[in-house]
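Here is how the chains run, residue by residue.
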Amino acid sequence: MRTRSGKSSRDVSRPYPRTGRRRPRARSLLGRSAPYLFIAPTGIVIAIVFGYPMVSVVWDSLHVPALMGETSFGIDNYTSVLADPLFRSALLNNLRLFTVVPVMTALAVVFAAVLYEKIVGSRFYRFVVFLPYVIAVPVVGIVFSYVWQKNGLLNQGLNEAGLSGITHDWLGDGRTAIWAVWFVILWQQLGFGVVLFLARLGSLDVGLIEAAQLDRAGWWRRLWHVVLPHLAGTIEFFVTLSLINMLSWVFNYVYVMTGGGPVRSTYVLELVIFNSAFQDNQMNLAAAVSVVVLLVAAVILTVQAALRRRVERMEGP
Amino acid sequence: MNELSHPATSPLSRRTALKLGSVPLLALMAQGGLSACSSSSAPAGDQNAAGELVVWYWGEQEAPGMKSFMDKTVASYNSAGIDPKGSVRQVLQESDTLYTAFRTAAKAKQGPDVQFFWGGTQALEDVWMGNVAPLDEYIPASVLDKIPVDSRRETYWNGKQWGLPFYEINTAFAYNKKMFAKAGLDPEKPPTTWDEFVSALTALKKSGVIPFGAGFKDAYLGGWLISYFGAQQFDGVDDALAPFRGDVQYTGDKYTGWLDRVKELIDKGLFNDDVLSLDLYQGQQLFQSGRAAITNSVQPQIVSFQRAMGEDTVGVMLSPSWGSGKLAKFFPGACQVLTLTSFSAKRKRGATFLEYLHKDDVMRAMYDASGAMAPDANFQASWLNSSIDTRMGELRKGLPSFWFQYYYPFPFERDGVTPAVQQLFQPHGSVAEGQKMMVAAIKKWQREQKAQVDAYKKWEVLA
């Protein structure tokens, strides 16, 4: 390419004086390989840290154990997994948990917008909203286990309030257990979204908000027409991250609160992997489920990338 | 033999423990565990190699005092110079890493020479993986013959003995004698048949207490219930294995009649109303806190209930009988075992140490230290120091010792039994649905674990 000075970028980047006939050729070879040499250390680390485990998991998933430590090669693990109603039920529960994402995102945006207004006590409210996020999931799970119990805190409170008609065995009923987990995830993860959006709003040009206020735009209009468009990229990031979390980061909640029960109503894919690997010692089967989870995550990322390209095309250059 | 061997499911079953295990733990154990293990990388064929003999054991968790016993026993063994080729080193394992650490070690073929397992299929799984060596070649028949057949049977497979029963751990129902009396029941004659049991629970309910305290949120209760009630139509262990070999369907009154009994208890409101909200131990606490009249537990815990609540308050009874098979009346007992590892070069020496653990004075020392009873004909009833233990010894007289959980593959419990029973507690739960779940669980296991299915087909029950 050419720079403004009219010299080629190659000339500009020349790091040494031209002193010999062989130098340009050597420089040319170095120039071509230099980028690869620079990224090689990182590439090697990535290959070891991410590449090897992924290849290893796929390889394991294609082996089936036989008696006395022997193995055979094939896709039996995948056919077993796909034929397993428990796997499908677990996948369905992961999809149910996906529904927490839009609710959480909407609430996080609203909370962030409210806190951005510098209302009285906003720093305290920020702390309160973010607090659940820093509590360890097992602690949250155990506490909410007591809250949701048939004779737990929530039902006791409802009884005291004269609302005994709506008391329920929230975790003991297969119809409500997954939604009890859903609520806990929302409660705990919301703070991360709020902080993320507040951070983005912190870099927003205040003049835009002030201009909207001068134009007598109400709070909701400012949120819709000024704040939201500027949060779009952050929302996209948060939604993608949260979806992947709902797919592969909810094990702790389920494990601590329900163990997958009652009647397998809260099984998630991670629990299927865990049970296969550490209870049944079926590492190969666990690897097959892991590959499926990986593929679902890849689909989410692909869709997200496609949507992003589409939005960028709509917005123009 | 001892008139009081106990069976049992460990209060902290392997499954409990494995649930606590995790990938990071595996990695940790690969380092920490291996550092504690034998340095032998055992050439095949050399089973009498010199060097330190490493024993990985467990038991402190369910038999407090086991560590003290092992420490003293190993010290005595080493100082007596019984093994001239080297000393023994004992390493207490944690529940959550007992299996994961061993399997990591086994994969590297560098680990303990003697390994502890929970009994039955929980030990045989590692046999089927090739991690364990048969005992028959190393332990004389005279030693094995002292061990009750019921106990040996749990780890006898393909014509060989793989596990040496180490100690028994029995299960039973603890009941509150004072609540029985208040409800108009004879506290010295707890129910023994199903009808008596239901009548007693009903009377207890009328007296204003929780008849049966239980917790099922953590899923372990299912394994206890099927072991208490699920084998009463069986005529022998082969009936227990048949559905898993693929010989019969797990259907009909013979296999699923126990679900009807459990449903009857649920429909009559004889459990606490928050069974699915509580974990197993929380359900047991209802008994200890004086709110429930009966609960199920392991023998050592019932002894501790008695010590806490008083001998005049706590009694012990076996699960009531409803079936008509030869196992309708049985003693719910099982054994934890010690094994020789397949990769050890010191198996002969390991066997010598295992024999030592069955010497009379050593067995008595184990009971005195931990309350754990060795399944051995030489174990004497006169050694017992608790009325619960004595009573359990009386109750087991003439009964076969059996614990169904030790004969079925664990996935059957997790994927079939547990949801089948849990759904009975749901508003529209049904026995038919439970039966479907258990049949489906067996099919799933047969589809996914073909190696284990093959193993079941080779499983000849020790007569």
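Here the structure is a predicted model, which means the values were calculated and not measured.

## Some thoughts on the overall build of chain B
Okay, so step 1: Within chain B, the secondary structure is distributed over 20 helices and 12 strands.
Okay, so step 2: In terms of overall dimensions, chain B is globule-like: its C-alpha atoms have a radius of gyration of 22 Å, near the 23 Å expected for 463 residues.
Okay, so step 3: Along the first, second and third principal axes, the C-alpha atoms of chain B reach 65 × 50 × 40 Å.
Okay, so step 4: Across the 463 residues that make up chain B, the buried fraction comes to 58%.
Okay, so step 5: Put simply, 83% of the contacts in chain B that link residues at least 6 apart link residues at least 24 apart.

## Observations concerning helix H13 (residues 269-279) of chain A
All names here are of chain A.
Okay, so step 1: Counting buried residues along H13, 10 of its 11 residues qualify, which places the element largely inside the surrounding structure.
Okay, so step 2: Leu-269, Glu-270, Leu-271, Val-272, Ile-273, Phe-274, Asn-275, Ser-276, Ala-277 and Phe-278 are the residues of H13 that are buried.
Okay, so step 3: At the C-terminal side of H13, Asn-281 shows a positive phi close to 55 degrees.

## A word on the interface of chain A and chain B
Okay, so step 1: Taken together, the contact between chain A and chain B spans 31 residues of the former and 34 residues of the latter.
Okay, so step 2: Of all the secondary structure elements, the ones that give two or more residues to the side of chain A that touches chain B are helix H3 (76-83), helix H4 (85-98) and H13 of chain A.
Okay, so step 3: Considering every element that reaches the side of chain A that touches chain B, the biggest residue donor is H13 of chain A, with three residues.
Okay, so step 4: The residue inventory of the side of chain A that touches chain B, partitioned by class, reads 12 nonpolar, 13 polar and six charged.

## Looking at the domain arrangement of chain B
All names here are of chain B.
Okay, so step 1: Examined at the domain level, chain B breaks down into domain 1 (14-170 + 335-397) and domain 2 (182-330 + 409-463).
Okay, so step 2: With centres defined by C-alpha atoms, the gap from domain 1 to domain 2 works out at 28 Å.
Okay, so step 3: In this complex, domain 1 contributes 23 residues to the contact, which on the side of domain 2 involves 21 residues.
Okay, so step 4: Listing elements by their share of the side of domain 1 that touches domain 2, those giving two or more residues are helix H1 (14-20), helix H5 (121-128), helix H7 (149-153), strand E5 (156-157) and helix H17 (387-395).
Okay, so step 5: When the residues that make up the side of domain 1 that touches domain 2 are grouped by side-chain class, the tally is nine nonpolar, eight polar and six charged.

## Quick notes on the sheet that holds strand E10 (residues 292-298) of chain B
Residue and element names in this part refer to chain B.
Okay, so step 1: The strand order across the open sheet built from four strands is E9-E10-E8-E11, with neighbouring strands paired in mixed fashion. Strands with a single pairing partner mark the edges of an open sheet, and in this sheet they are strand E9 (210-212) and strand E11 (314-317). For this sheet the average axis-to-axis angle between neighbouring strands, irrespective of direction, equals 30 degrees.

## A few points about the nonpolar core
Okay, so step 1: Of all hydrophobic cores here, the largest spans 135 residues; its most connected members are Tyr-167 and Ala-174 of chain B.
Okay, so step 2: A domain-level breakdown of this core finds at least three residues from each of domain 1 (14-170 + 335-397) and domain 2 (182-330 + 409-463) of chain B.
Okay, so step 3: Apart from residues lying up to four places away in sequence, Ala-174 of chain B is in contact with Phe-287, Ile-294, Thr-295, Ser-297, Ile-302, Phe-305, Val-314 and Val-316 of chain B.
Okay, so step 4: Judged by nonpolar contacts, the second largest core, of 56 residues, contains Leu-97, Ala-112, Ala-277 and Ala-286 of chain A.

## Regarding the environment of Gly-261 of chain A
Okay, so step 1: By the secondary structure assignment, Gly-261 of chain A is in the loop between helix H12 (251-257) and H13.
Okay, so step 2: Judged by the 26 C-beta atoms lying within 10 Å of it, Gly-261 of chain A is buried.
Okay, so step 3: Sequence separation of Gly-261 of chain A and Val-293 of chain A is 32 residues, and the distance between their C-alpha atoms is 21 Å.
Okay, so step 4: Among residues more than four places away in sequence, those in contact with Gly-261 of chain A are Thr-266 of chain A together with Lys-217, Ala-219, Thr-418 and Gln-422 of chain B.

## A short note on the environment of Val-195 of chain A
Okay, so step 1: Looking at the element boundaries, Val-195 of chain A is found in helix H9 (residues 177-202).
Okay, so step 2: Through-space distance from the C-alpha of Val-195 of chain A to that of Phe-130 of chain A is 7.2 Å; in sequence the pair is 65 residues apart.

## Some thoughts on the environment of Pro-85 of chain A
Okay, so step 1: By the element assignment, Pro-85 of chain A lies in helix H4.
Okay, so step 2: C-alpha of Pro-85 of chain A to C-alpha of Asp-173 of chain A: the two residues are 88 residues apart in sequence and 20 Å apart in space.

## Re the domain arrangement of chain A
Interface size is often expressed as the accessible area that is lost when the parts come together.
Residue and element names in this part refer to chain A.
Okay, so step 1: Structurally, chain A comprises domain 1 (18-61) and domain 2 (80-315).
Okay, so step 2: Each of domain 1 and domain 2 has a C-alpha centre, and these two points are 39 Å apart.
Okay, so step 3: Tallying the contact residues gives four residues for domain 1 and six residues for domain 2.
Okay, so step 4: Taken together, the residues of the side of domain 1 that touches domain 2 sort by class into two nonpolar, one polar and one charged.

## Let's talk about the pairing of strand E8 (residues 171-176) of chain B
Residues and elements named next belong to chain B.
Okay, so step 1: Most of E8 is tucked away, with six of its six residues classed as buried.
Okay, so step 2: Residues of E8 alternate between two faces, with Thr-171, Phe-173 and Tyr-175 on one and Ala-172, Ala-174 and Asn-176 on the opposite face, all of them buried.
Okay, so step 3: Direction of pairing for E8 relative to E10: antiparallel, over a ladder of five bridges. Residue pairing in the sheet places Ala-174 in a bridge with Thr-295 of E10.
Okay, so step 4: Judged from the four bridges that link them, E8 and E11 form a sheet pairing that is antiparallel. Residue Tyr-175 lies in a different strand from E11, and its bridge partner there is Gly-315.

## Quick notes on unusual backbone geometry
Residues and elements named next belong to chain A.
Okay, so step 1: For the peptide bond that leads from Gly-261 to Pro-262, omega is -5 degrees, which places it in the cis range.
Okay, so step 2: Positioned with a positive phi, Val-263 is a non-glycine residue whose angle comes to about 50 degrees.
Okay, so step 3: For Val-263, the location among the structural elements is in the loop between H12 and H13.
Okay, so step 4: Here Val-263 falls in the buried class, since 26 other C-beta atoms lie within 10 Å of it.
Okay, so step 5: In the Ramachandran plot, Asn-281 falls in the positive-phi region, its phi being about 55 degrees despite a non-glycine side chain.
Okay, so step 6: If you trace the backbone, Asn-281 turns up in the loop between H13 and helix H14 (283-315).

## Focus on the confidence of the model for chain A
Residue and element names in this part refer to chain A.
Okay, so step 1: Overall, the predicted model of chain A reaches an average pLDDT of 88, with 88% of residues at or above 70.
Okay, so step 2: Of all the helices and strands in chain A, helix H1 (residues 9-12) carries the lowest mean pLDDT, 43, while H9 carries the highest, 96.
Okay, so step 3: Confidence drops under pLDDT 50 across residues 1-17; counting only partners more than four residues distant or on other chains, this segment forms five contacts.

The rules behind each value
- Residues numbered from 1 in each chain as written.
- Chains lettered and ligands numbered in written order.
- Predicted model: local features only at pLDDT ≥ 70, side-chain atom pairs only at ≥ 80, totals over all residues.
- Helix = DSSP H or I, 4+ residues; strand = E, 2+ residues; numbered from the N terminus.
- Rg over C-alpha atoms; globule rule 2.2 N^0.38 Å.
- Buried ≥ 20, exposed ≤ 12 C-beta atoms within 10 Å, placed from the backbone.
- Contact = placed C-beta atoms within 7 Å.
- Nonpolar A, V, L, I, M, F, W, Y, C, P; charged D, E, K, R; others polar.
- Domains from an automatic or database assignment.
- Pairing = 2+ DSSP bridges.
- Axes fitted to C-alpha atoms, helices over the stretch in contact; angles between N-to-C directions.
- Core = buried A, V, L, I, M, F, W, Y, C linked by C-beta atoms within 7 Å.
- pLDDT = per-residue confidence, 0-100.

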